[in-house]
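Listed below, chain by chain, are the residues.
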Amino acid sequence: MARVGFIGLGNMGGGMAANLAKKGHDVRAFDLSAEALERARAAGCLPVVTATEAAEGAEAIITMLPAGTHVEQVYAQSVLDAALPSAILIDCSTIDVATAKRIAEMAAAKGLVAVDAPVSGGIAAANAGTLTFMVGGSKDAFGRAEPFLADMGKAVIHAGANGAGQAAKICNNMILGAEMVATCEAFLLAQKLGLEAQAFFDIASVSSGQSWSMTSYCPVPGVGPETPADHDYQGGFAAALMLKDLRLAMAAAESVDAQVPMGARARELYEAYAGAGHGGRDFSGIINMLAEKP
Ligand code: NAD
């Protein structure tokens, strides 16, 4: 088992660090929040008082932070100076592709090896150790990161060179955002046409309208498996985080001149939903906004 530095113990990182400790790793955990540090201690990690202390002597240094600015700052101020030359640097945060590439270049300039390894799966998957990791970096770097990621997830997939993990993540979530909106509007139209939600679910879930938003995360309460819709759209994947990912996808599309009309519309709709004060609700709650007359 290895010494692991873990920086960022929030909703996602808290569970991930706990799973590494459960697997027997010596986890040196750091967060700006004293509460998060206490939770990490209770989960078997050793809380430390600076990011530098978490990084020193670690075989793997994992970051799970809100956005690119946080990751770049933590790397520049702590990780890059403190890391052992043999350490593998793994950023699991969802950040923009350009920053992910820049961080890898900053690391390489110091003789260090970094990968971007964003995740699919929310807080429940982070706690259960069933995340999917999509990894950007060299083959060798992937091989070094994989055992640590496997201790926190059910699938670890090499996406390509540095930045490819983030590209996979935002493209996946762009599908999800557009698909959820389409699923919500289909249920609402079906209802206005006199079709029961259960009947429409039974048909669409085994027809060509089937999708993850339909069969695994149905936005209508009482239909399909238990989802945030059954809990007044609490918990799950916050609309504000979907909006964050759609914004990253739009910025990436602009940077390479890609046409993303459905993604752009999904971004506008999630901006309206989050802007109306629902950013903390599950992203499937957008069905309530679509049900209202403008
Ligand atoms: P969070 O806000 O709950 O946690 C972030 C943590 O980082 C906080 O505890 C904060 O105190 C800490 N932090 C911020 N700056 C720091 C610094 N300089 N040094 C140390 N700690 C610092 O966020 P989260 O929900 O855990 O998400 C983390 C990342 O995972 C984000 O990039 C998010 O987009 C991504 N993600 C989240 C989900 C989800 O369902 N929550 C799913 C997939 C991906």
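On a predicted model such as this, the values are computed, not experimentally measured, just so you know.

**Digging into the packing of helix 11 (residues 239-256) against helix 12 (residues 261-278)**
The packing of two helices is summarised by the inter-axis angle and the distance between the axes.
Move 1: Between helix 11 and helix 12, whose axes approach to 9 Å, the crossing angle comes to 145 degrees. In this structure, helix 11 crosses over helix 12, and the sense of that crossing is left-handed. For the pair formed by helix 11 and helix 12, the contact residues are Ala239, Ala240, Met242, Leu243, Leu246, Arg247, Ala249, Met250 and Ala253 on the first element and Gly263, Ala264, Ala266, Arg267, Tyr270, Glu271, Tyr273, Ala274 and His278 on the second.
Move 2: A breakdown of the residues in the contact of helix 11 with helix 12 according to their chemical character gives 13 nonpolar, 2 polar and 3 charged.

**Some words on the confidence of the model for the chain**
Move 1: With 100% of its residues at a pLDDT of 70 or more, the chain has an overall mean of 97.
Move 2: Across the interfaces of the predicted complex, the ipTM metric reaches 0.99, alongside a pTM of 0.94.

**Focus: the nonpolar core**
Move 1: One finds Phe6, Ala17, Ala29, Leu89 and Ile90 to be the most contacted residues of the largest nonpolar core, which totals 100 residues.
Move 2: In terms of residue count, helix 8 (residues 164-192) provides more of this core than any other element does, 11 residues in total.
Move 3: Here this core gathers at least three residues from each of two domains, domain 1 (3-161) and domain 2 (167-291).
Move 4: When residues no more than four places from it in sequence are discounted, the contact partners of alanine 17 are Phe6, Leu9, Val27, Ala29, Ala40, Ala43 and Cys45.

**A closer look at the pairing of strand 2 (residues 26-30)**
Move 1: Most of strand 2 is tucked away: 4 of the 5 residues are buried.
Move 2: Sheet topology places strand 1 (residues 3-7) next to strand 2; 5 bridges connect them, and they run parallel. Bridging across to strand 2, isoleucine 7 finds its partner in phenylalanine 30.
Move 3: With respect to chirality, the unit in which strand 1 leads through helix 1 (residues 13-22) into the neighbouring parallel strand 2 is right-handed.
Move 4: Taken together, the 2 bridges between strand 2 and strand 3 (residues 46-47) define a ladder with parallel strand orientation. Each bridged residue has a counterpart across the sheet, and for alanine 29 the counterpart in strand 3 is proline 47.

Cut-offs applied
- Residue numbers here run from 1 along each chain, matching the order of that chain's written sequence.
- In view of the model being predicted, local features appear only for residues whose pLDDT reaches at least 70, and side-chain atom pairs are presented and counted only at 80 or more, with totals across whole chains, interfaces and linings using the full set of residues.
- Convention adopted: a line fitted to C-alpha atoms gives each axis, helices being fitted over their contacting stretch, and angles between N-to-C directions are expressed from 0 to 180 degrees.
- The helix count covers DSSP runs of H or I at least four residues long, the strand count covers runs of E at least two residues long, and both are numbered beginning at the N terminus.
- In this scheme the handedness of a crossing depends on how the near helix is turned from the far one: anticlockwise by less than a right angle means left-handed, clockwise means right-handed.
- Remark: residues whose backbone-derived C-beta atoms lie within 7 Å of one another are considered to be in contact.
- In this count, Pro and Cys sit with the nonpolar residues alongside Ala, Val, Leu, Ile, Met, Phe, Trp and Tyr, while Asp, Glu, Lys and Arg are called charged and the others, Gly among them, polar.
- Confidence per residue, as judged by the predictor, is encoded in pLDDT with a range of 0 to 100.
- Any set of buried Ala, Val, Leu, Ile, Met, Phe, Trp, Tyr and Cys residues joined through C-beta atoms within 7 Å is what this text calls a nonpolar core.
- Here a residue counts as buried when 20 or more other C-beta atoms fall within 10 Å of its C-beta, as exposed when 12 or fewer do, and as partly exposed in between; the C-beta atoms come from the backbone.
- The domain limits used here are those given by an automatic or database domain assignment.
- DSSP calls a pair of strands paired once it identifies at least 2 bridges connecting them.
- We call a crossover right-handed when, viewed with the strands running away from us, the connection from the first strand over the helix to the second turns clockwise.

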